[in-house]
Amino acid sequence: MYYRRTTSPEDISSWEPQRTVPTNTAGTWGYTYPNPLQLSAEGNRIWLLWRGGNFNPTFSTSDDGLSWAPARTLISVPGQRPYVKVASNGVDTFHLAFTEGHPRSLVTSIYYARYRAGSFYHANGSLIEPASKLPFTPAQADKVYDAAAHGGVKAWIHDVAFDSAGRPIVVFATFPSNTDHRYHYARWTGTGWADHEFVRAGETMSGDPAEPNYSGGVTLDHANPSRVFLARQVGGIFEIQVYRTTDGGHTWVSRVVTASSGRGNYRPVRPRGQPGTDMDIVWMRGGYPSFTDYRTAIDVEALSRDAISPAAVALGTGQLQVLASEGTGGLIRKSYGTAGWTGWADDGRGPSGHRVGAPAAASSASGRLDVFAVDLVTGHLLQRAFEGGVWSAWTDRGAGPSGHAVTAPAAASWGPGRLDVVARDTVTGDLLHWSFDGSWHGPERAAPTAGGAFVPSTAAWGPNRLDVFAVTDRGTLAHTWWNGHWNGWQSLGVGPGGVAYKAPAAVASWGDRRLDVFAATSGGRTLAHRWFDGFGSAGWQGPETLAAGTGPDKLPLAGMAATSWAAGRLDVFSANARTHGLLHAWYAGHWNGPEHLDFAGAAAAVLADVSPQAAPIPVDPRVRDLGDD
């Protein structure tokens, strides 16, 4: 058993040398499942619980974190391996919930005991054993769930916590069959245990048929144990949900955290001591063939800024600006440069505090950002510029022809001092065009409607050239262009495999006669790519599906933006339709991503030690022969 301490309290930037726990119970099984806790009423004594050399729950204590009392067995079940969960108040008490073994080996029940002031007790306060006389057996503890009394339906412990009165709550799974797992919520009422089965969980999360009892997972919010976090199968995929009870488990309300996922989500927890609601839930996501062959990442529910309908522009090589609606009528912006990504900056609302719609962005000069949005009160096109770290005021560029409101602007620049803006007339559906070449012109009618409430996107690959793309109400990709005059809409068909596109599209250009167009298909869960690099219809390539857009989890995409800072470089941004987080995929010789840009600050890594483990921790080969754990 290895452990390290930080050099300074609550500071993970430097660490003391690696140490090992020097004691264990007799036997050949080594150490696993460590549970450290500290009791301030005992002079900050550290209690370390684990499964020991005899395969039974084991413990040692330390008063300084350096020397350890001889290991002792805590709960004795010879020949079996009880599973234990622990929760402590950090002062004088810790709670234990456990089984007498693995549910594959025994018809397992759920038990409870509590430690306080040198002894172990039942939930009602009656003595089980003084610590000096350990171990005790499961039969001496509270039986929270009796498998025999439930027709031999076995159970497995998942978590234990306690309420504001110190009364314990336990959550566990039962198995009426290997394909029918049920989650239970049991609480000590003061006079007895009240057990409530509250939701069906599906079947095992493990791809190994030898592991039929690996439930998706259910845990308690230790700050508020009336809340339960769980993973259950929905449509065959494990999804994360939050359940809450106000009457001790009789009735429940629930909230969906993940839905329609591409891969499974498992074992949610709430970090203990986590303040507020951001990063409220952490869980494991991915493929889980077995406990020795998992292919997972750790996800978190980050209640960060909403990013809706992003716009993106490259101000120079290695310099990006991304804008987005923040959901309440304002705009937010983040930048990428030599120091990486910044956090979100608030760019506010429109004139007189009016709400504005989705932004558009272009750059008409080095280091200059031109931003466009529609005033949602007046329906007028607005424009402002950011240069030298200073914003200009909003300028009202007016309504569409006949005073019609406009919507969905897109912008491009084909050279210094030149700006082109397109938008949709909300009354006629026409494509409208404004231009700036030292003075503003327009709006003019550039083309009739592409079909439905289309959202245009535009790019310029050279002087006097403007290309506009939109997804029609038929799910096809439409293209019109300016090359001295406006041309009619050209259909570029549907997405890969004949699947309809989902609005909007995004386009970028990295050089002469080069266009890259992106749009989502399959309800937003697949990113498709077409590109033009030549002449006429023969110049079009694709469509192809880009895994980098949605990743293996098939994230639902909403909104789309694309830009390029150099030949051979593309940056594509979209919003996660479920969480409103910002997603980024990029091409630099090959496709990368998606990366999540949800968080409020720049990414930072803390390298605590150049070599935290100089040599691999030795693993006994028998571990691979256990078959389960």
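Predicted, not measured: the structure shown is a model, and the values here were computed from it. (Residues numbered from 1 in each chain as written. Predicted model: local features only at pLDDT ≥ 70, side-chain atom pairs only at ≥ 80, totals over all residues. Heavy atoms only, no water.)

> Hey, could you go over the overall build of the chain for me, with residue numbers and the actual values?
Tallying secondary structure elements over the chain gives 1 helix and 51 strands in all. With the principal axes as the frame, the chain shows a C-alpha extent of 95 × 50 × 50 Å. Across the 629 residues that make up the chain, the buried fraction comes to 51%. Of the contacts formed within the chain by residues at least 6 apart in sequence, a portion of 44% connects residues at least 24 apart. (Helix = DSSP H or I, 4+ residues; strand = E, 2+ residues; numbered from the N terminus. Buried < 20%, exposed > 50% of the residue type's maximum accessible area, 1.4 Å probe, protein only. Contact = heavy atoms within 4.5 Å.)

> Can you explain the pairing of strand S27 (residues 319–325)? Please cite residues and give values.
Two faces, one strand: in a regular strand the side chains alternate between the faces of the sheet. Burial analysis of S27 places 6 of its 7 residues in the buried class, the great majority of the element. Bridge count for strand S26 (residues 308–316) against S27 is 6 bridges, and the pairing is antiparallel. Counted as the bridge partner of alanine 311 is leucine 323 from S27. Across 6 bridges, the pairing between S27 and strand S28 (residues 331–337) is antiparallel. Counterpart to valine 322 in the pairing with S28 is lysine 334. The turn linking S27 back onto S28 is made up of 5 residues, and glycine 327 within it adopts a positive phi angle of 95°. (Pairing = 2+ DSSP bridges.)

> Give a description of the side chain of threonine 550 that names residues and reports values.
With respect to the element layout, threonine 550 can be found in helix H1 (residues 547–550). Threonine 550 sits in the buried class, given a relative accessible area of 2%. There is a polar contact of 3.3 Å between the side chain of threonine 550 and the backbone oxygen of arginine 525. What threonine 550 contacts, discounting residues up to four positions off in sequence, is Gly524, Arg525, Thr526, Leu527, Leu555, Leu557 and Pro594. (Polar contact = N/O pair within 3.5 Å; in protein donor to acceptor, adjacent residues only side chain to side chain.)

> So what's going on with the sheet that holds strand S16 (residues 168–177)? Residues and values would help.
The 4 strands lie next to each other as S15-S16-S17-S18, forming an open sheet whose pairing is antiparallel. Taken across any chain shown, the strands that pair with only one partner, and hence form the sheet edges, are strand S15 (155–162) and strand S18 (193–202). Strand-to-strand twist in this sheet, taken as the mean axis angle between neighbours without regard to direction, amounts to 20°. Looking at chain direction, strand S17 (residues 180–188) and S18 are connected through 8 bridges and run antiparallel. Considered in S18, the bridge of tyrosine 185 is made with histidine 196. (Axes fitted to C-alpha atoms, helices over the stretch in contact; angles between N-to-C directions.)

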